[in-house]
Amino acid sequence: MSYAFDADLLPWLDLVPDVTLTDYESLAAARAKMSETRFQTPPYEPSQPIDVRDELVPGPQGAPDVRVRIYTPPGDGPRPGLVYIHGGGFIVGDLDTSDSASLKYADQLGIVVVSVDYRLAPETPFPGPVEDCYAALVWTANKASELGIDPARIGVAGESAGGGLTAGTVLLARDRGGPAIVFQYLGVPEIDDRLETESMRAYVDTPLWNYPNAVFSWDAYLGEGKRGTADVSPYAAPARATDLSGLPPTVVTVCQFDPLRDEGFEYARRLSHANVPTELRVYAGTFHGSQMVTEAAVTKRMADDQLADLRRGLQA
């Protein structure tokens with residue numbers, strides 16, 4: 001199928017990893033490839049010294065501790081805090097994946113960022129990853145004063161599977177009476193295991209993410225045979241949630257030629273219908289992973305919009 005990608009993206013398509021997920025061997029290859037690609041792009045250089053440290057925080061009951069990486073800009077608090085959840089289809093990624101982004105947020109927004117190294121599927125299927133993220137959120141709220149964070153200005157953000165985990169974490173916080181969250185940012189979120197939207201069914205060969213990879217991702221996260229069945233938890237696939245009321249102000253972003261596009265559309269629509277202040281941003285001519293092409297005007301606009309959305313949502 002041909003796609004009307006933004007002209008600025010075309011010369012850089014080779015930068016985007018060619019990922020085909022069919023079995024564990026292909027997943028291992030994809031993990032290695034994504035690690036190599038990460039170091040092909042220049043790391044973010046902060047304009048001021050950012051204190052960066054890793055810490056182990058209490059994990060879910062009966063589970064290992066969760067590693068987080070804390071980014072603190074200079075100056076006195078309290079300041080906004082952001083729990084950031086990296087992407088990777090629930091199956092790839094780590095703290096280094098989101099290091100440049102987290103440095104940028106701390107540097108340019110003057111906020112404390114807590115990046116979460118949640119366990120990956122299929123080694124740890126649902127609910128392990130989302131429970132790790134929730135445990136990190138609870139720890140961040142409990143330690144807000146020590147971290148220099150204003151407890152009334154804590155947000156959660158993530159992209160792709162990180163967007164899905166963000167939505168699941170925020171639902172858990174609401175339903176468990178957990179930490180108050182002022183804002184959630186759902187970047188190109190992966191939130192619907194049913195894989196029945198028009199964009200999901202049509203985009204079978206788009207760069208980086210497509211229908212076949214989505215099938216593997218959800219099977220890894222939920223376990224074989226569970227995808228699309230009636231008993232999938234909304235904390236795993238937030239599109240399944242029947243009640244979206246009482247959630248914090250939200251920004252949802254989608255790319256035009258992304259199989260995840262329509263589930264993002266629908267989640268934003270339903271949030272709005274539930275009286276949740278919601279903004280939806282659609283980027284023409286883009287595909288999942290377009291943000292890797294930092295030289296393109298459209299991705300620079302995406303990055304600028306993201307910073308503005310986080311600044312406004314966190315009152316930074």
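Our structure is the block above this text.
Below is a summary of the structure that appears in this document. (Residues numbered from 1 in each chain as written. Predicted model: local features only at pLDDT ≥ 70, side-chain atom pairs only at ≥ 80, totals over all residues. Heavy atoms only, no water.)

### Quick notes on the overall build of the protein chain
A count of helical and extended segments in the protein chain gives nine helices and eight strands. Computed over C-alpha atoms, the radius of gyration of the protein chain comes to 18 Å, within 12% of the 20 Å expected from 2.2 N^0.38 for 316 residues, which places it in the range of a compact globule. Referenced to the eigenvectors of the C-alpha coordinate spread, the extents of the protein chain come out at roughly 55 × 45 × 40 Å. Residue pairs in contact within the protein chain that sit at least 24 positions apart in sequence constitute 77% of those at least 6 positions apart. With an accessible surface of roughly 13000 Å², the protein chain has 51% of that area assigned to carbon and sulfur atoms. Between the mean site of the 26 positive side-chain charges and the mean site of the 44 negative ones, the protein chain shows a separation of 4 Å. (Helix = DSSP H or I, 4+ residues; strand = E, 2+ residues; numbered from the N terminus. Rg over C-alpha atoms; globule rule 2.2 N^0.38 Å. Contact = heavy atoms within 4.5 Å. Areas by Shrake-Rupley, 256 points an atom, 1.4 Å probe, with all protein chains shown as cover. Lys, Arg positive; Asp, Glu negative; His and termini not counted. Charge placed at Lys NZ, Arg CZ, Asp CG, Glu CD.)

### Overview of helix 7 (residues 211–222)
Side chains of residues three or four places apart in an α-helix project in the same direction, reflecting 3.6 residues per turn. Across its twelve residues, helix 7 extends 16 Å between first and last C-alpha, which sits within 8% of the 16 Å expected from 1.5 Å per residue. Across the twelve residues that make up helix 7, a large majority, ten, are buried. Of the positions making up helix 7, those classed as buried are Asn 213, Ala 214, Val 215, Phe 216, Ser 217, Trp 218, Asp 219, Ala 220, Tyr 221 and Leu 222. You can read the cap of helix 7 off the contacts: a side-chain oxygen lies 3.2 Å from the backbone nitrogen of Asn 213, and it is on Asn 210. Following helix 7 by one or two positions, Gly 223 adopts a phi angle in the positive range, close to 100 degrees. (Expected span 1.5 Å × (residues − 1). Buried < 20%, exposed > 50% of the residue type's maximum accessible area, 1.4 Å probe, protein only. Polar contact = N/O pair within 3.5 Å; in protein donor to acceptor, adjacent residues only side chain to side chain.)

### A closer look at the packing of helix 3 (residues 128–142) against helix 5 (residues 161–175)
Helix packing for two helices is described by the angle between their axes and how far apart those axes are. For the pair helix 3 and helix 5, the least separation of the axes is 9 Å and the interaxial angle reads 60 degrees. What the angle tells us is that helix 3 and helix 5 run oblique. Regarding helix 3 and helix 5, the two cross each other, and that crossing is right-handed. Packed against helix 3, whose contacting residues are Pro 129, Val 130, Cys 133, Tyr 134 and Leu 137, the element helix 5 presents Leu 165, Gly 168, Thr 169, Leu 172 and Ala 173 at the interface. (Axes fitted to C-alpha atoms, helices over the stretch in contact; angles between N-to-C directions. Parallel < 35°, antiparallel > 145°, perpendicular 65-115°, else oblique. Left-handed = near helix turned anticlockwise from the far one by under 90°.)

### Regarding the side chain of Asp 262
Mapped onto the fold, Asp 262 is located in helix 8 (residues 261–273). Asp 262 gets classed as buried once you look at its relative accessible area, which sits at 14%. A distance of 3.5 Å separates a polar atom in the side chain of Asp 262 from the backbone nitrogen of Glu 198. Non-local contacts of Asp 262, meaning those with residues more than four positions away in its chain, are made with Thr 197, Glu 198 and Ser 199.

### Let's talk about the side chain of Arg 261
By the secondary structure assignment, Arg 261 is in helix 8. The class for Arg 261 is buried, based on a relative accessible area of 14%. Setting aside chain neighbours within four positions, we find Arg 261 in contact with Ser 199, Tyr 203, Val 254, Cys 255 and Gln 256.

### A closer look at the environment of Pro 49
Position of Pro 49 among the secondary structure elements: in the loop between helix 1 (24–38) and strand 1 (51–57). In sequence terms Pro 49 and Ala 141 are 92 residues apart; their C-alpha atoms lie 24 Å from each other. In this structure, Pro 49 is in contact with Thr 72, Pro 73 and Pro 74, ignoring residues within four places of it in sequence.

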